[in-house]
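Each chain, written out:
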Amino acid sequence: MTGPTTPETRLWTPAGFQEDEWTHAESADALSGNGRFILPLQVFLNLDPEVRRSAKERLGVLLQPGDQLEKIADLLDQLSLVALAFPAFSDGRSFSKGELLRGRYHFEGAVRATGQVLVDQLPHMLRLGFDEFEISNPVLLKRLEEGRIGGLGLYYQPAAVPEPKGPKYSWRRVRSG
């Protein structure tokens, strides 16, 4: 008898499935090796400022829903990636952080969703500025393999990723792509 299997996690971007260059690490010791590492917030904050600056291209941070985005707001220029955790489908705080990273803080690095990324959430995450997704949901994996992103064709509100305006009404947006 075998135990429950952990679902496969694959990295998806709007360009399709990609090899993941990043590794989740629990301590700063990982930086002594080669590679790109996503560190928990407190580990990132505890790094020497010079280490953060010199390791920017291989340094990312993972924010849990309860972590305050403001703690890294002045350090975003020292990051290539911000990963936002979605540990449960019912916790949407990371949606707000994604929008704030793009809209308020103008973060130009990668914004990655980790954890419970579900079928109906992906189109909204794309509109908020997320551009990388760690996908383990089998239904979403299958749909993305088939090239189906889903979502609605019209939007009534602007977002971090602007949509073309629809005909006749300035507030109606038409999904691009």
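Up top you'll find the structure we're talking about.
Now for a quick tour of the structure. Per chain, residue numbering runs from 1 following the sequence as it is written. Only residues with pLDDT of 70 or above have their local features reported here, since the model is predicted, and side-chain atom pairs are shown and tallied only from 80 upward, although totals for entire chains, interfaces and linings are computed over all residues. The basis for the side-chain values is all heavy atoms of the structure; hydrogens and waters are excluded.

**Remarks on the pattern of salt bridges**
When a carboxyl oxygen of Asp or Glu lies within 4 Å of a side-chain nitrogen of Lys or Arg, that pair is called a salt bridge. Counted under the stated rule, the structure contains 10 salt bridges. Two residues, D131 and R102, come together in a salt bridge whose shortest N-O distance is 2.8 Å. Of the two residues, D131 sits in the loop between α4 (122-128) and β8 (132-135) while R102 sits in helix α3 (residues 93-103), which places them 29 residues apart along the sequence. We call a residue buried when its accessible area falls under 20% of the maximum for its residue type, exposed when it is over 50%, and partly exposed in between, using a 1.4 Å probe and counting protein chains only. A relative accessible area of 26% means that D131 is categorised as partly exposed. Across the pair R112 and E132 runs a salt bridge, and its minimum N-O distance is 2.8 Å. Residue R112 is located in strand β7 (residues 110-115), and its partner E132 is located in strand β8; the two are separated by 20 residues in the primary sequence. The exposure class of R112 is buried, given its relative accessible area of 0%. Note on E132: relative accessible area 15%, which makes it buried. Put simply, DSSP marks the helices as runs of H or I at least four residues long and the strands as runs of E at least two long, and each gets a number from the N terminus on.

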